[in-house]
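# Report on the structure
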Number of protein chains: 4
Amino acid sequence: MDESTRTETIHRLKSVAGHINGIIRMLEEERYCIDVITQIQAAQTALSRASENILDAHLRTCVTDAIQNDDADERERVLAEVMQVFRHTNKP
Amino acid sequence: MDESTRTETIHRLKSVAGHINGIIRMLEEERYCIDVITQIQAAQTALSRASENILDAHLRTCVTDAIQNDDADERERVLAEVMQVFRHTNKP
Amino acid sequence: MDESTRTETIHRLKSVAGHINGIIRMLEEERYCIDVITQIQAAQTALSRASENILDAHLRTCVTDAIQNDDADERERVLAEVMQVFRHTNKP
Amino acid sequence: MDESTRTETIHRLKSVAGHINGIIRMLEEERYCIDVITQIQAAQTALSRASENILDAHLRTCVTDAIQNDDADERERVLAEVMQVFRHTNKP
């Protein structure tokens, strides 16, 4: 992962952690269920953006390096990892 | 939302906030991209369990009350909210 | 499910079946992988819209009837079914 | 895409088309909403498996070729396409 993706992702995750603390306060204040769920879904969306940015950077660095390399096992390994990430997000 | 769902959800969200702080540390330590993504996906799964539990409690309390009520607008409102939550999670 | 939702859903599913036959032809013509995946994702989106419309109708008919009924087991059963549908679409 | 993935995917999509025709019959027979939704979700899962298999084959053929190639624009193009597929499946 390049440095700017790392910095941006740390920033984004700190924001998500703050968001989740805000949702905890909503629960403590007995706020309306649907409003709480909407905020949880927004936090999940922010996490999805974070994982997309990391995967994007990963494809352009580690995956590109591995595929340009002569080691077939290493190529196989990085592609299998990308598929594992994709399968997890894809409809069960 | 009933009290036990509220308490359990607060507990779960505090755990997710701790998890996300752990992911921030992984990024600061320059850990492998795929390991970071896997942890982000695990945090999203925990958030999904939280929103499911809240929706379950909501159906059994607010939605049930509204539907047993004579106010057709109120029934319509709570069902539209449930559908909005469902549409958000459903495949785009 | 009301009659208009049923008719509309049958229409929509016939369109999805036609869409999938079109994707099979794309494969037979050795079209580009990403274009095939994009069409599969579009078919999934159409199926999501179909299941949302059915759930919406279900909430307004069967679920509303069951909740307005005195039979607590029946209420419990229909709400558990709605949650099962929601859990399936929600992030694993 | 290799020949065995293409053949297997065509077989799988023919099975999904048959499945969807079965769901249309369920609707015509006025079967229970939740049973219809469950079958739609199963058809979506089969489509997800199909798109995963195509993406897997695509990574091992076109993407690997493009990345091993000297053309930076082409590398950029195939990686952007993979990310577009991933973003579509990821939580909105």
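Rules and cut-offs
- Residues numbered from 1 in each chain as written.
- Chains lettered and ligands numbered in written order.
- Predicted model: local features only at pLDDT ≥ 70, side-chain atom pairs only at ≥ 80, totals over all residues.
- Heavy atoms only, no water.
- Helix = DSSP H or I, 4+ residues; strand = E, 2+ residues; numbered from the N terminus.
- Buried < 20%, exposed > 50% of the residue type's maximum accessible area, 1.4 Å probe, protein only.
- Contact = heavy atoms within 4.5 Å.
- Lys, Arg positive; Asp, Glu negative; His and termini not counted.
- Charge placed at Lys NZ, Arg CZ, Asp CG, Glu CD.
- Polar contact = N/O pair within 3.5 Å; in protein donor to acceptor, adjacent residues only side chain to side chain.
- Least-squares fit on C-alpha atoms with pLDDT ≥ 70 in both.
- Salt bridge = Lys/Arg side-chain N within 4 Å of Asp/Glu carboxyl O.
- Expected span 1.5 Å × (residues − 1).
- Axes fitted to C-alpha atoms, helices over the stretch in contact; angles between N-to-C directions.
- Parallel < 35°, antiparallel > 145°, perpendicular 65-115°, else oblique.
- Left-handed = near helix turned anticlockwise from the far one by under 90°.
- Nonpolar A, V, L, I, M, F, W, Y, C, P; charged D, E, K, R; others polar.
- Buried area = accessible area lost by both parts, 1.4 Å probe.

On to the overall build of chain A. When helices and strands are counted, chain A shows three helices and zero strands. Tracing chain A from N to C terminus, the helices and strands come up as α-α-α. Each of the 92 residues in chain A was classed as buried or not, and the buried ones make up 52%. Counted over contacts in chain A with a minimum sequence separation of 6, partners at least 24 positions apart contribute 49%. In chain A, which carries 11 positive and 16 negative side-chain charges, the distance between the mean positions of the two groups comes to 5 Å.

This brings us to the side chain of D:Arg6. By the secondary structure assignment, D:Arg6 is in helix 1 (residues 3-28). Of note is the side chain of D:Arg6, whose polar atom sits 3.1 Å from the backbone oxygen of C:Leu27. Ignoring anything within four residues of it in the chain, the contact list for D:Arg6 reads C:Leu27, C:Glu30, C:Arg31 and D:Met1.

Now for the relation of the copies chain B and chain A. Laying chain B over chain A is done by rotating through 180 degrees and shifting 0.0 Å along the axis; what remains is an RMSD of 0.0 Å. Viewed as a symmetry operation, the transformation between the two copies matches a two-fold axis. By residue overlap, the copies meet face to face through one surface: 100% of the interface positions of chain B are interface positions in chain A.

Glancing now at the pattern of salt bridges. Evaluation of the coordinates by the stated rule reveals 44 salt bridges over all chains. The residue B:Arg31 makes a salt bridge to B:Glu29 at a minimum N-O spacing of 3.7 Å. Relative accessible area serves as the criterion here: at 40%, B:Arg31 is assigned to the partly exposed category. Among the residues examined, B:Glu29 registers a relative accessible area of 52% and is labelled exposed. Between C:Arg77 and C:Glu74 there is a salt bridge, with the nearest N and O atoms lying 3.0 Å from each other. Of this pair, C:Arg77 and C:Glu74 both sit in helix 3 (residues 72-89), three residues apart, which is roughly one turn of the helix. With relative accessibility at 26%, the residue C:Glu74 sits in the partly exposed group. When salt bridges with common partners are traced through the structure, they connect A:Arg49, A:Glu52, A:Asp56, A:Arg60, D:Glu76 and D:Arg87 into a single cluster.

As a further point, take the environment of D:Thr5. Residue and element names in this part refer to chain D. Tracing the backbone through its elements, the reader meets Thr5 in helix 1. Judged by relative accessible area, which is 11%, Thr5 ranks as buried. Between the alpha carbons of Thr5 and Ala50 there is a distance of 9.1 Å; along the sequence they are 45 residues apart. Beyond its immediate stretch of four places on either side in the chain, Thr5 contacts Asn53, Ile54 and Ala57.

Attention now moves to the environment of C:Ala57. All names here are of chain C. Counting through the fold element by element, Ala57 comes out in helix 2 (residues 33-68). A C-alpha to C-alpha distance of 9.2 Å links Ala57 and Arg6, two positions 51 residues apart in sequence. In this structure Ala57 touches Met1, Asp2 and Thr5, once residues within four positions along its chain are discounted.

With that settled, the discussion passes to helix 3 (residues 72-89) of chain B. Look at helix 3 of chain B: 26 Å from first C-alpha to last across 18 residues, which is about the 26 Å you get at 1.5 Å a residue. Within helix 3 of chain B, burial applies to B:Val78, B:Leu79, B:Glu81, B:Val82, B:Met83, B:Val85, B:Phe86 and B:Thr89. At its buried positions, helix 3 of chain B is contacted by helix 2 (33-68) of chain A, helix 2 (33-68) of chain B together with helix 2 and helix 3 of chain C. Of the residues flanking the start of helix 3 of chain B, the one acting as N-cap is B:Asp71, its side-chain oxygen 3.0 Å from the backbone nitrogen of B:Asp73.

This paragraph deals with the packing of helix 3 of chain B against helix 2 of chain C. Two elements in contact, helix 3 of chain B and helix 2 of chain C, have axes separated by 11 Å at closest approach and are oriented at 140 degrees. Put simply, helix 3 of chain B runs oblique to helix 2 of chain C. In this structure, helix 3 of chain B crosses over helix 2 of chain C, and the sense of that crossing is right-handed. Here helix 3 of chain B contributes B:Arg75, B:Glu76, B:Leu79, B:Ala80, B:Val82, B:Met83, B:Phe86 and B:Arg87 to the contact with helix 2 of chain C, which in turn contributes C:Glu52, C:Asn53, C:Leu55, C:Asp56, C:Leu59, C:Arg60, C:Thr64 and C:Gln68. Per-class residue counts for the contact of helix 3 of chain B with helix 2 of chain C are seven nonpolar, three polar and six charged.

Turning chain C through 180 degrees and shifting it by 0.0 Å along the axis lays it on chain D, with an RMSD of 0.0 Å. Of all interface residues in chain C, 100% are interface residues in chain D too; the two copies therefore contact each other through one and the same surface.

In this section: the interface of chain B and chain A. Between chain B and chain A, the residue contacts involve 45 residues of the former and 45 residues of the latter. Of the roughly 3800 Å² buried between chain B and chain A on both sides combined, carbon and sulfur atoms contribute 72%. For chain B, the biggest contributors to the area lost against chain A are B:Leu27, B:Cys33 and B:Gln41; these three give 15% of the whole. Remark: the boundary between chain B and chain A carries two salt bridges. The closest approach of N and O atoms between B:Glu30 and A:Arg6, which form a salt bridge, is 3.9 Å. Our enumeration of links across chain B and chain A arrives at nine residue pairs in polar contact (both at pLDDT 80 or more).

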